[in-house]
Amino acid sequence: MKVSATRRALLVGAALATMLSASAYAADKPTMGVVVKIGGIPWFNAMETGIKEAGAKGGVDATMIGPTSADPALQVRAIEDLIAKKVNVIGVVPNDEKALEPVLQKAREAGIKVVAHEGPGIQNKDWDFELASAKGFGEAHAELLAKTMGGKGEYAVYVGSLTVPLHNAWADAAIAYLKVHYPDMKQVGDRYGVAENVDDSRKTALDLLAAHPNLHGFLAFGSQGPIGAGRAIEEKGQVGKVFVVGPFSPGQGRKLIKEGAILGGFMWNPAEAGRVFVRVGKMLAGGQEVKDGDTIEGLGVVHPDPKTHNIITDNLLPINKDTVDKLADLGL
């Protein structure tokens, strides 16, 4: 059957309109890339789930980039790639705040909004959000370890690396708290920057246990630190004698906490942090300001600091034998 010229024109016009409409929709959809510390570990796997969920629900083309190691240079490279792609928003969980300042400045000069998490000291950002205050997070872990150790004995401190400001802020708060409230507790050496790697955390714990017979505690800030230290304690037959406290993925540490190799700790929900990344990013991409008294899902009512551009909340979840299964079953 022949199609008249008029009908053919109408069909072509309709198809073209559909294509243009789809193109306009794609153009209107904000794009966001979130660069995390390292890919492939449970904590950031959960965060990626949250990013994808919120992106799909909120109409944001959101992806996560996880470098193969906790190397600031790899984060810089990933952010450079996102700048080249002209995304609307860049999110970052920094390994080294200072190392990222030049590339984040470049992003902002290109008109890209920057949202940070676990990076309250970053200057070149629009906002940083935290689900736990550094002081409260550090002190909560310190108190848990102190009570278990009876307020005396030697303990070691792990951080993800010596260049992760937030981990070191947690450690600062914990150490200061113990010095004031539990003066009979003594720190062994300085802090050890191994807690983003299970093998390094395990080996360091084995070395410390061999060198310090009176070592009875580990404060491990960094999701792989408690796992590695817990495995070392099991290997040495020190369960119930040496105690590990710190944040970790409940799914990864469920067996260790039930066996007593990890005492417990506190965390926030990394999947929720991923969702908050997208929610805040969408606000900024749409020209919406974050104001005092606003309610942001996942953060609650916020009181942003206009000087530091930080949004600090306290949404801590305890991890212990009673809660670990429920948290793990949420995919955390």
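Residues numbered from 1 in each chain as written. Predicted model: local features only at pLDDT ≥ 70, side-chain atom pairs only at ≥ 80, totals over all residues. Heavy atoms only, no water.

Visitor: Pulling in residues and values, what's your account of the sheet that holds strand S3 (residues 89-92)?
Guide: Across a sheet, paired strands are connected by hydrogen bonds in the backbone, their directions being either parallel or antiparallel. With respect to topology, six strands assemble into an open sheet ordered S2-S1-S3-S4-S5-S14, the strand pairing being parallel. Sheet topology places strand S2 (61-65) and strand S14 (310-312) at the edges, where each strand pairs with a single neighbour. Between one strand axis and the next, the sheet turns through 20° on average, direction left out of account. Sheet analysis places strand S5 (residues 127-130) next to S14, joined by three bridges and oriented parallel. Each bridged residue has a counterpart across the sheet, and for Phe-129 the counterpart in S14 is Ile-311. Where helix H10 (residues 270-285) meets the sheet, it contacts strand S1 (31-35), S2, S3, strand S4 (113-117) and S5, and its direction lies at approximately 155° from that of S4. (Pairing = 2+ DSSP bridges. Helix = DSSP H or I, 4+ residues; strand = E, 2+ residues; numbered from the N terminus. Axes fitted to C-alpha atoms, helices over the stretch in contact; angles between N-to-C directions. Contact = heavy atoms within 4.5 Å.)

Visitor: Which residues make up the nonpolar core, and what values do they have?
Guide: Among soluble globular proteins, nonpolar side chains are generally buried collectively. Residues Phe-44, Met-47, Phe-129, Tyr-155, Leu-178 and Leu-219 are the most contacted members of the largest nonpolar core, which totals 69 residues. Top contributing element to this core by residue count: H10, with eight residues. Other than its neighbours up to four places away in sequence, Phe-44 contacts Val-36, Lys-37, Ile-38, Met-64 and Val-93. Core analysis: the next-biggest nonpolar cluster, separate from the first, contains 17 residues, Val-188, Val-194, Ala-205 and Ile-233 among them. (Core = buried A, V, L, I, M, F, W, Y, C linked by side-chain atoms within 4.5 Å. Buried < 20%, exposed > 50% of the residue type's maximum accessible area, 1.4 Å probe, protein only.)

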